[in-house]
Protein chains: 4
Amino acid sequence: MPSAIVAGASGYTGALAAALLQRHDEIDLVAVTSRSDAGRRLDDLYPQHRVPLVLDAFDAEDHDRIDAAIVAYPHGAAAPVVAQLRERGAKVVDLSADFRLRDPGTYAAWYGEHGAPQLFGEGVYGLPELRREEVAAADLVANPGCYPTATLLALAPLARAGLIADAVVDAKSGVSGAGRQATETTHFVSADENVTPYGVGRHRHMPEIEQELEALGVRGVVPAFTPHLLPLDQGELVSCYVTTSEPVDGDRLGGLYEQAYAGEPFVELARRPPGVRDVRDTNICRIFTHADPRTGKALVFAAIDNLWKGAASQAVQNLNLMFGLDERAGLR
Amino acid sequence: MPSAIVAGASGYTGALAAALLQRHDEIDLVAVTSRSDAGRRLDDLYPQHRVPLVLDAFDAEDHDRIDAAIVAYPHGAAAPVVAQLRERGAKVVDLSADFRLRDPGTYAAWYGEHGAPQLFGEGVYGLPELRREEVAAADLVANPGCYPTATLLALAPLARAGLIADAVVDAKSGVSGAGRQATETTHFVSADENVTPYGVGRHRHMPEIEQELEALGVRGVVPAFTPHLLPLDQGELVSCYVTTSEPVDGDRLGGLYEQAYAGEPFVELARRPPGVRDVRDTNICRIFTHADPRTGKALVFAAIDNLWKGAASQAVQNLNLMFGLDERAGLR
Amino acid sequence: MPSAIVAGASGYTGALAAALLQRHDEIDLVAVTSRSDAGRRLDDLYPQHRVPLVLDAFDAEDHDRIDAAIVAYPHGAAAPVVAQLRERGAKVVDLSADFRLRDPGTYAAWYGEHGAPQLFGEGVYGLPELRREEVAAADLVANPGCYPTATLLALAPLARAGLIADAVVDAKSGVSGAGRQATETTHFVSADENVTPYGVGRHRHMPEIEQELEALGVRGVVPAFTPHLLPLDQGELVSCYVTTSEPVDGDRLGGLYEQAYAGEPFVELARRPPGVRDVRDTNICRIFTHADPRTGKALVFAAIDNLWKGAASQAVQNLNLMFGLDERAGLR
Amino acid sequence: MPSAIVAGASGYTGALAAALLQRHDEIDLVAVTSRSDAGRRLDDLYPQHRVPLVLDAFDAEDHDRIDAAIVAYPHGAAAPVVAQLRERGAKVVDLSADFRLRDPGTYAAWYGEHGAPQLFGEGVYGLPELRREEVAAADLVANPGCYPTATLLALAPLARAGLIADAVVDAKSGVSGAGRQATETTHFVSADENVTPYGVGRHRHMPEIEQELEALGVRGVVPAFTPHLLPLDQGELVSCYVTTSEPVDGDRLGGLYEQAYAGEPFVELARRPPGVRDVRDTNICRIFTHADPRTGKALVFAAIDNLWKGAASQAVQNLNLMFGLDERAGLR
């Protein structure tokens with residue numbers, strides 16, 4: 001049974017990844033690390049996860065023989081940790097953006113200097129529904145961002161069919177997406193009874209979405225993407241308004257999605273618009289499509305749990321694939 | 001001082017209209033009526049409003065000498081009540097959709113048979129920022145829907161400038177927008193920790209938005225409009241993504257809005273994206289614009305309180321205009 | 001493997017019971033029934049539970065050979081269904097109050113006429129931590145109410161030690177405790193941003209708490225119990241203020257609870273006050289005790305998930321015991 | 001017209017006090033100060049308040065001629081600011097605990113060293129419903145804490161009648177009560193869908209409650225007081241369970257409260273349990289009493305808005321009294 005660590009387990013996604021591995025029957029969680037909370041028990045920080053391990057300070061030498069790691073560090077800080085773990089032979093799923101982008105200039109423009117340039121571009125973009133075989137063969141997987149996960153699953157069938165002429169992606173996320181850090185934005189009194197657009201025109205998930213849409217065949221289209229902060233803890237919805245390059249009726253639209261996602265264990269096609277409650281605490285992306293005759297647009301709505309399919313459970317899904325396990329192990 | 005009644009004061013918007021008139025220094029609230037709760041005190045139904053009046057069953061003969069009425073009945077049921085009040089000479093602001101549309105066929109298609117066909121089309125569309133003079137001269141004002149209010153204020157400057165080539169309007173509303181009726185949708189456990197699109201492709205506010213955009217000069221554009229239900233009580237945000245007919249940079253975009261809304265007492269142009277908390281319990285529409293060089297689109301975000309500017313306080317604003325009062329009376 | 005049905009699976013607790021049995025490895029869920037939603041799929045009503053069964057109208061003859069049933073009917077309506085199932089030999093866990101009380105007069109006073117008087121008093125009160133052996137031997141288990149579950153687990157160690165001279169129990173519950181029915185109380189706009197006491201002096205869980213405290217040896221004490229409705233979906237906290245019959249310091253108090261709950265798989269003794277988030281979606285009761293030198297009182301706080309330990313998962317825990325399975329089966 | 005400043009206007013209560021004075025017709029708000037946000041506009045920090053003033057760093061010399069000040073500094077830091085303002089002759093309402101307590105030893109035990117010992121004990125405890133004349137004659141008013149405000153209004157009639165033999169006060173507050181500072185506790189994801197007791201056995205409002213109950217004639221009773229954090233922004237409810245020194249039936253209990261609060265503009269006696277929504281954004285305390293025959297206890301529930309009657313609007317009420325204005329000025 002592969003042994004694994006979670007590096008950076010004191011944040012929301014790292015802690016959840018640890019909890020998922022802790023109850024995974026075919027992966028053995030042997031350690032959890034934290035920069036800010038070393039010495040504390042994880043079940044003291046997160047009673048709800050019930051992981052009875054003490055957080056260590058990260059030291060790669062402690063982990064010479066581990067088989068796998070999920071790294072949940074902030075962008076920039078992740079790369080050096082990933083590099084150390086890779087040098088020791090561990091297969092790594094990295095939750096940061098450090099290995100998602102293909103173009104060094106794009107990375108530099110959005111994130112600054114890279115922390116392990118020798119590995120830049122080595123990661124497989126870990127959206128299993130789109131790159132299952134590549135993930136299975138990879139030693140380093142870049143786990144997608146939460147917004148790109150939902151957006152790409154929502155748009156992939158249209159993208160592959162060459163039907164996207166223009167797209168607006170209006171995204172809504174719960175506050176856990178902003179991370180564990182206490183700020184004015186994440187203060188209860190700021191977020192409660194509120195909804196606010198943020199990152200207007202400059203959200204870091206934009207280049208990632210564009211890169212992967214291009215990989216799906218989309219050319220010359222820059223989707224208008226705006227995230228909004230909602231007063232809920234977990235959950236994310238993307239509402240996609242696609243101008244199609246040719247008329248697409250409901251039957252054809254529905255057929256594209258059924259074909260694309262038949263047999264996918266973690267994609268649900270719904271007969272009515274999804275709510276994020278429908279996918280809370282699951283690895284599932286729930287999608288509803290509507291061909292709108294009044295506007296001629298194809299509408300696609302996709303709901304995920306940002307902490308799960310948008311981060312931690314998708315990391316476990318990727319790890320399962322990388323170790324030849326049932327993709328669903330530990331996630332049912 | 002004009003005397004006024006609120007007919008249909010047991011719903012959320014009618015009750016708020018009554019509360020606003022109750023503390024209005026220049027209009028005298030003399031009666032409140034209700035079909036479902038006649039005999040109950042309004043401050044028993046809504047302790048927070050502190051309106052110490054008993055709800056009566058509506059009988060037009062009781063109100064022979066009143067000067068004004070705000071009618072807060074459901075669509076279809078409103079028209080006959082409005083007609084009876086108009087026959088007796090009262091100036092009326094109607095919160096329903098019954099007098100908003102200009103085309104009888106459109107009304108019939110979306111709402112069915114009209115309850116007072118002799119008055120159809122007689123109402124002035126009561127968005128004061130766009131039709132102040134018409135409202136001031138009117139005896140019957142059709143108060144706009146909440147989504148049209150926010151959407152039209154968000155799009156009017158671009159519409160008048162002939163710049164709208166295509167538009168996506170992604171709208172988000174608190175649960176009070178669904179009204180006082182207890183349903184599966186409005187149950188706390190359904191709405192809490194959730195966000196759901198609804199009325200996809202068939203929301204009744206669509207024809208109203210299109211009609212008024214056309215009145216502003218927009219031709220041949222059907223905006224893609226989708227509302228979403230959010231876990232908050234009051235508040236509404238519209239996120240508008242406009243494909244412009246020619247490139248519009250930030251300076252020009254900002255200038256259009258400053259020019260359009262200079263001196264407007266109830267429109268605020270913000271330097272950052274608005275949250276609905278910023279306008280809670282006010283008659284204010286708060287707008288933020290962004291010219292997005294990456295997509296070439298003009299982004300406009302507008303926040304209102306759906307119960308206030310989206311309904312009850314806008315009705316009072318209209319009533320003020322109709323009686324020659326300061327537009328802000330009772331609303332500061 | 002025992003076969004089971006859930007009768008009354010369209011309410012919150014019945015639906016959750018069905019979901020828990022559906023993924024239970026050692027009990028086979030064969031049918032779900034509903035009075036109000038027969039013919040609908042359960043995963044259409046509750047997408048989040050993913051139980052792909054159609055709800056049937058209940059007919060005892062359909063279930064001649066089932067081994068077990070969880071009945072989730074309202075008080076009064078439950079008893080006849082339970083009786084029919086018992087006649088056919090099924091072991092039953094009943095979620096209603098119909099078999100909780102021992103005294104017919106008390107039942108009549110609080111609930112009215114009983115629906116199956118021949119079975120009155122036959123049920124074992126199914127709080128496994130207090131009556132494990134009785135439950136294991138029972139054919140009919142009366143699943144405790146949510147407030148009694150938390151209150152009795154909070155007070156049992158003090159009760160058994162004969163230390164309760166007086167008690168105040170201030171209880172707080174999420175809105176799911178009010179059930180699926182859409183009412184003014186459960187409307188989002190009523191419950192959101194609110195907290196309200198209800199059932200003051202007359203909540204139906206009172207006689208149940210008193211009966212079971214008496215069974216634990218408490219004499220002549222009527223706890224003051226008041227529930228409050230909170231703006232959250234799932235979760236319940238009871239804050240107990242106990243006047244002790246003799247001084248009890250922190251060591252003794254802590255010792256009583258450690259002794260009482262050592263080895264209990266579903267009781268956690270916490271070192272700080274519990275939040276209901278800590279136990280969300282679990283069968284766990286989390287307890288914190290504090291001996292307060294300023295007032296001389298013993299304070300005990302207990303948190304559960306009202307839908308889980310307060311209803312559906314406790315029913316499964318009981319069913320496990322009744323069939324000789326590991327108490328934790330299907331609940332980890 | 002008296003001129004006034006708000007010192008410490010960047011926190012929740014100071015900002016609200018500024019907003020209330022800004023729209024007050026008989027007090028002239030001339031400046032707002034802040035330690036952390038000097039140089040920022042108050043309407044940038046709090047768009048909803050629409051106070052178009054720039055926050056200054058506090059310098060007493062700038063305010064030589066002002067008539068009044070509301071000081072909203074943290075405990076300890078408030079006293080020196082109050083002293084400087086008093087030296088210059090301004091009448092001061094202080095929102096901190098620095099001038100609430102009468103006993104220096106008690107202050108030291110709960111708060112540490114006092115920042116202006118020469119003024120210790122000089123403040124009138126500013127609960128107008130209990131000390132209206134003293135407040136009117138005062139130059140320095142110590143505005144009560146939020147919990148003491150609700151608790152004392154709930155218990156005063158019983159206290160004065162000598163009927164309190166024992167009392168449990170279970171208090172519930174929205175997150176704004178924890179202040180503007182972003183912490184793990186105030187993070188949306190911590191507070192949302194949660195309820196937690198805090199300060200168990202050691203909350204700083206305890207000595208204040210005990211001191212004032214004693215002033216009302218209560219002897220030898222230490223109420224058991226526990227606050228709880230609720231997932232809402234504004235609002236506070238105290239649930240009081242009073243063991244009476246002699247039997248008190250409903251008529252007598254109700255009569256005590258009617259007599260005590262007849263004519264009080266900001267106390268409402270309700271016929272059903274209050275919710276905090278009923279008093280949101282008001283200076284009102286809404287009270288419900290119940291004589292419980294089953295337990296022999298008197299139950300009293302009181303709801304306030306913690307930011308309003310629990311802090312800022314009560315400060316304005318006090319200021320009105322101190323300047324001989326209508327107590328309700330600026331608060332209707």
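Figured I'd write up the structure that's included with this text. Model, not experiment: these values are computed from the prediction.

## Brief notes about the overall build of chain A
What chain A contains, in helices and strands, is 10 helices and 14 strands. Computed over the C-alpha atoms, the radius of gyration of chain A is 19 Å, within 12% of the 20 Å expected from 2.2 N^0.38 for a compact globule of 332 residues. The dimensions of chain A, computed from C-alpha atoms along their principal axes, are 60 × 45 × 40 Å. The long-range share in chain A, meaning contacts at least 24 apart out of those at least 6 apart in sequence, stands at 70%. Of the roughly 11,100 Å² that chain A leaves accessible, carbon and sulfur atoms contribute 45%. A distance of 3 Å separates the average location of the 30 positive side-chain charges in chain A from that of its 45 negative side-chain charges.

## Some thoughts on the packing of helix α1 (residues 12-22) of chain A against helix α10 (residues 308-322) of chain A
Residue and element names in this part refer to chain A. Orientation of α1 relative to α10, taken along the N-to-C sense of each, is 40°, at an axis distance of 9 Å. Between α1 and α10, the angle falls in the class oblique. Along this stretch, α1 crosses α10, giving a crossing that reads as right-handed. Seen from α1, the contacting residues are T13, L16, A17, L20 and L21; seen from α10, they are W308, A311, A312, S313, V316 and L319. When grouped by side-chain class, the residues that make up the contact of α1 with α10 number 9 nonpolar, 2 polar and no charged.

## Quick notes on the pattern of salt bridges
Within this structure, the stated rule accounts for 104 salt bridges over all chains. Across the pair R280(A) and D233(A) runs a salt bridge, and its minimum N-O distance is 3.0 Å. Of this pair, R280(A) sits in the loop between β12 (267-269) and β13 (285-292) while D233(A) sits in the loop between β10 (224-229) and β11 (236-244), placing them 47 residues apart in sequence. Of the two residues, R280(A) and D233(A), neither departs from the other in class, the shared state being buried. Members of the salt-bridge network, linked through shared partners, are D37(A), R40(A), D44(A), R180(A), R272(C) and E184(D).

## Quick word on the interface of chain B and chain A
At the junction of the two partners, chain B supplies 46 residues and chain A supplies 46 residues. Between chain B and chain A lies a buried interface of about 3,700 Å² when both sides are counted; carbon and sulfur atoms form 60% of it. Summed over the three residues of chain B that lose the most area to chain A, namely E193(B), R277(B) and R294(B), the buried surface amounts to 20% of that side. Taken together, the connections running from chain B to chain A amount to 8 salt bridges.

## Structural notes on the pairing of strand β8 (residues 164-173) of chain A
All names here are of chain A. Within β8, 9 of the 10 residues are buried, which leaves the element mostly enclosed by the surrounding structure. Bridge count for β8 against β11 is 9 bridges, and the pairing is antiparallel. Residue pairing across strands places V169 opposite C240, the latter belonging to β11. Note that β8 and β10 share 6 bridges and pair parallel. Bridging from a neighbouring strand, A171 pairs with P227 of β10.

## Remarks on the pairing of strand β5 (residues 91-94) of chain A
Residues and elements named next belong to chain A. Here strand β4 (residues 68-71) runs beside β5; their pairing, made up of 4 bridges, is parallel. Within β5, the position partnered with V71 by the bridge is D94. In this view, the connection linking β4 to its parallel neighbour β5 by way of helix α3 (residues 78-87) has right-handed handedness. Where β5 lies against strand β7 (residues 140-142), 3 bridges are found, and the strand directions are parallel.

## Some words on the interface of chain D and chain B
Quite often, the size of an interface is put as the accessible area lost when its parts meet. At the junction of the two partners, chain D supplies 19 residues and chain B supplies 19 residues. For chain D, the biggest contributors to the area lost against chain B are R50(D), R272(D) and R277(D); these three give 32% of the whole. Counting the contacts that link chain D with chain B gives 6 salt bridges. In this structure, R277(D) engages D233(B) in a salt bridge whose closest nitrogen and oxygen atoms are separated by 2.9 Å. Across the contact surface, chain D and chain B share 8 residue pairs in polar contact (both at pLDDT 80 or more).

## Digging into the nonpolar core
Generally speaking, nonpolar side chains in soluble globular proteins are found buried as a group. Counting residues in hydrophobic clusters, the biggest one holds 208 residues, and the most contacted among them are I70(A), I70(B), I70(C) and I70(D). Residues within four places of I70(C) in sequence aside, it is in contact with I5(C), V6(C), A7(C), A17(C), L21(C), V93(C), L95(C), A315(C), V316(C) and L319(C).

## A short note on the packing of helix α6 (residues 146-160) of chain C against helix α10 (residues 308-322) of chain C
Residues and elements named next belong to chain C. At a closest axis distance of 8 Å, the pairing of α6 and α10 adopts a crossing angle of 100°. When the axis of α6 is compared with that of α10, the two are roughly perpendicular. Between α6, through C146, T149 and L153, and α10, the contact on the second element is made entirely by K309, G310 and Q314. Residues that form the contact of α6 with α10 fall into these classes: 2 nonpolar, 3 polar and 1 charged.

## Some words on the relation of the copies chain B and chain A
Mapping chain B onto chain A calls for a screw motion: a turn of 180° about the axis and a shift of 0.0 Å along it, with 0.0 Å RMSD after fitting. Given the turn and translation reported, the copies of this chain are related as if by a two-fold rotation axis. Taken as a fraction of all interface residues of chain B, those also at the interface in chain A reach 100%, which identifies the copy contact as same-surface.

## A word on the state of the cysteines
Across all of its chains, the model carries 0 disulfides over all chains by this definition. As a non-bridged cysteine, C146(C) has C285(C) as the owner of its nearest cysteine sulfur, 12 Å distant. As a non-bridged cysteine, C240(D) has C285(D) as the owner of its nearest cysteine sulfur, 9.7 Å distant. Taking the relative accessible area as the measure of exposure, C240(D) reaches 0% and is therefore buried.

## Digging into the sheet that holds strand β6 (residues 124-125) of chain A
An order of β3-β2-β1-β4-β5-β7-β6 (chain A) is seen for the 7 strands of this open sheet, with the pairing classed as parallel. Edge strands, defined here as strands with exactly one partner in the open sheet, are β3 (55-56) and β6 of chain A.

## With respect to unusual backbone geometry
For R50(B), which is not glycine, the phi torsion reads 55° and is therefore positive. Residue R50(B) is classed as partly exposed on the basis of its relative accessible area, which comes to 23%. The backbone of E193(C) shows a phi angle near 55°, a positive value even though the residue is not glycine. In this fold, E193(C) is placed in the loop between α7 (188-191) and β9 (196-197). E193(C) gets classed as buried once you look at its relative accessible area, which sits at 2%.

What counts and how
- Residues numbered from 1 in each chain as written.
- Chains lettered and ligands numbered in written order.
- Predicted model: local features only at pLDDT ≥ 70, side-chain atom pairs only at ≥ 80, totals over all residues.
- Heavy atoms only, no water.
- Helix = DSSP H or I, 4+ residues; strand = E, 2+ residues; numbered from the N terminus.
- Rg over C-alpha atoms; globule rule 2.2 N^0.38 Å.
- Contact = heavy atoms within 4.5 Å.
- Areas by Shrake-Rupley, 256 points an atom, 1.4 Å probe, with all protein chains shown as cover.
- Lys, Arg positive; Asp, Glu negative; His and termini not counted.
- Charge placed at Lys NZ, Arg CZ, Asp CG, Glu CD.
- Axes fitted to C-alpha atoms, helices over the stretch in contact; angles between N-to-C directions.
- Parallel < 35°, antiparallel > 145°, perpendicular 65-115°, else oblique.
- Left-handed = near helix turned anticlockwise from the far one by under 90°.
- Nonpolar A, V, L, I, M, F, W, Y, C, P; charged D, E, K, R; others polar.
- Salt bridge = Lys/Arg side-chain N within 4 Å of Asp/Glu carboxyl O.
- Buried < 20%, exposed > 50% of the residue type's maximum accessible area, 1.4 Å probe, protein only.
- Buried area = accessible area lost by both parts, 1.4 Å probe.
- Pairing = 2+ DSSP bridges.
- Right-handed = clockwise from strand over helix to strand, strands pointing away.
- Polar contact = N/O pair within 3.5 Å; in protein donor to acceptor, adjacent residues only side chain to side chain.
- Core = buried A, V, L, I, M, F, W, Y, C linked by side-chain atoms within 4.5 Å.
- Least-squares fit on C-alpha atoms with pLDDT ≥ 70 in both.
- Disulfide = S-S within 2.5 Å.

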